[in-house]
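# Working through the structure, step by step
The lines below spell out each chain.
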Amino acid sequence: MIYSVPNPPSPCKILEFDPEKCTGCNICVETCPLDVMLPNPEKGREPLVLYTEECWACGGCAEECPNDALTLIAPTKQRISAIWIRKSTGEEFRVGMAKVPEPNTRPPLGNRR
Amino acid sequence: MLWYDYIKKTGKVPEWPYKVEYGKEKVVESDVLVIGGGVAGCRAAIEAARRGASVAVAERGSVKRGGQGGAGVDHWHGAVTNPCSKVTPEMYTQAFIESSKGYTNPSARYIIAKEGWDTLRECEDMGVQIRDEDDIFKGAPFRDEETKLLFAYDYESRNCIRIFGHNIKPVLHKTMLELGVSIYNRVCITSLLTEGGKRGARVIGATGVNTRTGEFCVFKAKAVVISTGRVGRLFNFSPEVNQFSSMLDMNLSGQGFSIGWRAGAEFLMMESVGVRGASENNYVPYSTGNCSNTYFGTPIVDSEGREVPYLKTDGSRVGEYGEIFEPEKPEEGGFYIGVGVGLHQPIAKKYRLPDIDPDIPNKIARGEYKLPLYADFTKMPELERRALFGLMIGNEGKTRVPIYRNYTRWGFDPDKDMLLCPPGEPMNFRGSCWWSGGGKGVLNSMSILGSGYLTDWRLQTTVEGLFVAGGQPVNGSGCHGEAQTTGRYAGRQAAKYSRTAHHAEPDPSQLEAEKERCYAPVRAEGGIGWKELNSAIVRIMEDYCSQHRSENVLKLGIKRMRELMANEGSRAYASNPHELGRLIECFGLADVGEMIMEASLARRGSNSALSFYRTDYPNLDEPEWDCFISIKLGENEAETSKLPLDYYVREPYAPTLQENYSLYGAFDA
């Protein structure tokens, strides 16, 4: 079906849910200070992301998610030059690239969870 | 799931998920009402509740993670009474007075200095890690081995503490719940209620609109604390491209100023508009290479590996790496004043640290440095690198998830990698905060700076029963230390005040008029939406209130703003409670715009300390204008007056900071 809808919003894909992990508990919906998301009308499903341009990347949703089901991705425009270079090889990487080196598994410092 | 994917999948436009009852009244009564549940508001609520007051908090977003400090914190300014500090509260306050040439709020600065460390220590008791308990940084030059405190920026004077504060907001939230504080999330406060509905009379509560249900909230209280944040969306509004790079979230719309203005409170320094880099068209904070704030001390190299030096204020090169963190004139009482503390740059030399070569733009233009530059973490001593990325980026709000979590998942390792500084124009490398585009050489993000309510030594405004706290409302800007300390102090004062104040019933005509104003947009037809209105407000500020101002242009600006709000503004529509909240905020933004233009009109002299330029009064710093301009809304028009810069130590106050603090602040009841 072809729908009459406004142009695609920008940014478009700021929040990605892992449908395998998301239980539709809506803790992220309740946490978000900007009310970017709405509960999915279908219970138990991942929330709807409605107000994409209001997200200011605080990450509260991802922090509070009990199942680590949420990834917060910056708009493409702000990732395209946010690049790091591995000194030993000269390779370049950024968030969102398909080619990824081994993840760095070192957690942030602090002993409170 | 993006809404569009939902439509594609189901063929339906999703219904609004919350039951909407526009205008249905919900009445809440408490001793103390806190408006704004960010870190300042939470501390005010906790303190008032601990002192026996019943407390309600009205928060625009959601208290658990809301507010500018909601996402966490990595360092705490103003902890000058910590056991290792070489700075006294008097020195600290003096540094702000000197650096701002008197254009700051010294009473609030002094309160922050006196109580900042205690306020942080209470965070520790509540569950925030503020020490290197696991001895990760043993032997580091920024660690005190006895207390295990870790210091930031200035390792000598030790007044700014690195903390592991990623969980600070959930911890405050939990404490509030334990203390029985009533929390009302998703409430856009729209007005203050005053006794008899009269402007300037005692504040007895507030009204708000729930942005999910459309309910009309009536808060009745004996004392009110305003602890809202800064004002975004006024000089710059393009969320589609800049929200992720913003340090001001969309809820920061100046509502906390507008409601006080309409209630008749006085404000200072509203004409002070500074250029803030952080916003338009830039990068996610700390996502690209730079050497400012959190990344201070990061070695910068050019594409051929040539290192860009850090220089002292006299232009000489820093020798050993550790000298970057040393104030230059400790023997003269010099120390580093901090970053993001609400002052126009540059601050007095005595209170600075070395910084990256300020001549980088010219050297790039001449080909001496070859783009791109990189932030080379691998050149740092290991413990410095761990403190910077593991501790600070790993705990600071706005970096823990989008930078630490994402970058490490995609393989970033500061032990092995350098971060690119996006190239572009050489001028982009002015200053050191390159991710923000602060050096782009255009006024790409102006914002009030240093502006706030006129307060007494109790942090009470000129309207009885109304107290203020927080980075912006009290002293123009600031971070967790400033916000939480003034919050705790205002909560203490409000609780005390509420013990002798009585409840008063709101004036019915005030409530009716407010309801009419707030709900007109849900009945409006054929008008514009909130984003278009917001953009038009911004355009007026750009056109009529730029950095160089004059009487005739400012007057045109005020006229345009009133025309806009009387025409398009009065017919603007809201199709659900979310849009209604954003639209009501636009009404507040227009008020703040007028406040800025009125205050700018009243200052008939250019002023270097405020970066304030009048083309019709070009002479800089005339003594007769070396004073504050106080502004309030009178019967119908703005009323302005002059106030001496040292009002806080003049009648009716005592002549010194210490005496005033003892008289008004230091009580234990």
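Computed from a predicted model, the values in this text were never measured in an experiment.

What chain B contains, in helices and strands, is 17 helices and 24 strands. Computed over C-alpha atoms, the radius of gyration of chain B comes to 24 Å, within 12% of the 26 Å expected from 2.2 N^0.38 for 669 residues, which places it in the range of a compact globule. Considered along the principal axes of its C-alpha atoms, chain B spans approximately 70 × 65 × 55 Å. Across the 669 residues of chain B, 66% fall into the buried class. Within chain B, residue pairs in contact and separated by at least 24 positions form 74% of the contacts whose partners lie at least 6 positions apart. When the accessible surface of chain B is summed, it comes to about 22,300 Å², and 48% of that surface belongs to carbon and sulfur atoms. Looking at chain B, you have 79 positive and 87 negative side-chain charges, and the mean spots of the two groups are 4 Å apart.

Turning to helix 15 (residues 551–571) of chain B, a few remarks are in order. All names here are of chain B. The terminal C-alpha atoms of helix 15, which comprises 21 residues, lie 30 Å apart, in line with the 30 Å expected from a rise of 1.5 Å per residue. Helix geometry: helix 15 is bent most strongly at M565, by close to 35°. Within helix 15, the full set of buried residues consists of L554, G557, I558, M561, L564, M565 and G569. Here the buried face of helix 15 lies against helix 14 (530–544), strand 21 (548–549), helix 16 (577–602) and strand 22 (613–614).

Now for the environment of Q78 of chain A. Looking at the secondary structure, you find Q78 of chain A in helix 3 (residues 76–79). For Q78 of chain A, a relative accessible area of 2% gives the class buried. Among the polar contacts made by the side chain of Q78 of chain A, one reaches the main-chain carbonyl oxygen of V241 of chain B at a distance of 3.2 Å.

Turning our eyes to something else, we now look at the sheet that holds strand 5 (residues 161–162) of chain B. Residue and element names in this part refer to chain B. Taken together, three strands build an open sheet; the order of strands is 3-5-4 and the sheet is antiparallel. Each edge of the open sheet carries a strand with a single partner, namely strand 3 (75–76) and strand 4 (150–151). By the bridge criterion, two bridges tie strand 3 to strand 5 in an arrangement that is antiparallel. Paired with H75 across the bridge in strand 5 is R162.

Okay, the nonpolar core next. Ranked by internal contacts, the top residues of the largest apolar core, which has 221 residues, are M37 of chain A together with V55, L192, M270, L533, I537 and I596 of chain B. Looking at this core, the element that brings in the most residues is helix 16 of chain B, giving 13 residues. Leaving out residues up to four positions away in the same chain, M37 of chain A has contacts with L15, F17, C28, V29, C32, P47, L48, V49 and C61 of chain A. Of all hydrophobic cores here, the second largest spans twelve residues; its members include Y92, A113, F335 and I337 of chain B.

Another aspect to go through is the packing of aromatic side chains. Residue and element names in this part refer to chain B. All told, the structure shown has 36 aromatic pairs over all chains when counted by the stated rule. Ring geometry for F467 and Y497: centres 5.8 Å apart, planes at 65°, overall edge-to-face. On the criterion of sequence distance, the pair formed by F467 in strand 20 (residues 466–468) and Y497 in helix 12 (residues 480–500) is long-range, its members being 30 residues apart. Each member of the pair, F467 as well as Y497, is classed as buried. Ring pairs connect the aromatic residues F137, F142, Y153, Y155, F296, Y310, Y321, F325 and Y336, which therefore count as one cluster. The ring of F142 carries the charged tip of R162 above its face, separated from the ring centre by 4.7 Å.

Let's shift gears to the layout of surface pockets. Computed from the structure, the second largest pocket encloses a volume of approximately 600 Å³. As for the second largest pocket, its lining consists of 25 residues, and the residues nearest its centre are P6, L50 and Y51 of chain A together with W3 and E579 of chain B. Contributions of two or more residues to the lining of the second largest pocket are made by helix 1 (3–10), helix 14 and helix 16 of chain B. Class assignment for the residues of the lining of the second largest pocket results in 14 nonpolar, five polar and six charged.

To continue, consider the interface of chain A and chain B. Listed by partner, the interface residues are 75 residues for chain A and 90 residues for chain B. The largest per-residue losses of area from chain A upon contact with chain B belong to W56, L109 and R112 of chain A, which jointly make up 13% of the total buried on that side. Here D376 of chain B makes a salt bridge to K87 of chain A, at a shortest N to O gap of 2.7 Å. Counting every contact that joins chain A to chain B gives 49 residue pairs in polar contact (both at pLDDT 80 or more). Those elements giving two or more residues to the side of chain A that touches chain B turn out to be helix 1 (27–31), strand 3 (48–49), helix 2 (60–64), strand 4 (70–72), helix 3 and strand 5 (84–86) of chain A.

Once that is clear, we can look at the pattern of salt bridges. Counted according to the given criterion, the structure contains 63 salt bridges over all chains. Salt-bridge contacts for R186 of chain B lead to D35 of chain A; the nearest nitrogen and oxygen are separated by 3.4 Å. Residue R186 of chain B is found in the loop between strand 6 (182–184) and strand 7 (187–194), and its partner D35 of chain A is found in the loop between helix 1 and strand 2 (37–38); the two belong to separate chains. Two residues, E122 of chain B and R50 of chain B, come together in a salt bridge whose shortest N-O distance is 3.6 Å. Of the two residues, E122 of chain B is situated in helix 4 (residues 106–126) and R50 of chain B in helix 2 (residues 39–50); the sequence distance between them amounts to 72 residues. Owing to a relative accessible area of 42%, R50 of chain B belongs among the partly exposed residues under this scheme. Salt bridges here are not isolated pairs; linked through shared partners, they connect E63, E64 and D68 of chain A together with K64, R65, R400, R405 and R409 of chain B.

Cut-offs used in this document
Residues numbered from 1 in each chain as written. Chains lettered and ligands numbered in written order. Predicted model: local features only at pLDDT ≥ 70, side-chain atom pairs only at ≥ 80, totals over all residues. Heavy atoms only, no water. Helix = DSSP H or I, 4+ residues; strand = E, 2+ residues; numbered from the N terminus. Rg over C-alpha atoms; globule rule 2.2 N^0.38 Å. Buried < 20%, exposed > 50% of the residue type's maximum accessible area, 1.4 Å probe, protein only. Contact = heavy atoms within 4.5 Å. Areas by Shrake-Rupley, 256 points an atom, 1.4 Å probe, with all protein chains shown as cover. Lys, Arg positive; Asp, Glu negative; His and termini not counted. Charge placed at Lys NZ, Arg CZ, Asp CG, Glu CD. Expected span 1.5 Å × (residues − 1). Bend = angle between axes of the 7 residues up to and from the residue. Polar contact = N/O pair within 3.5 Å; in protein donor to acceptor, adjacent residues only side chain to side chain. Pairing = 2+ DSSP bridges. Core = buried A, V, L, I, M, F, W, Y, C linked by side-chain atoms within 4.5 Å. Phe/Tyr/Trp six-rings, centres within 6.5 Å; stacked < 30°, edge-to-face > 60°. Lys NZ or Arg CZ within 6 Å of the ring centre and 35° of its normal. 1 Å grid on protein atoms, 1.4 Å probe; cavity = no way out; pocket = protein on both sides within 12 Å on 5 of 7 lines; lining within 4 Å. Points joined across faces, edges and corners; volume = space filled by probe spheres on them. Nonpolar A, V, L, I, M, F, W, Y, C, P; charged D, E, K, R; others polar. Buried area = accessible area lost by both parts, 1.4 Å probe. Salt bridge = Lys/Arg side-chain N within 4 Å of Asp/Glu carboxyl O.

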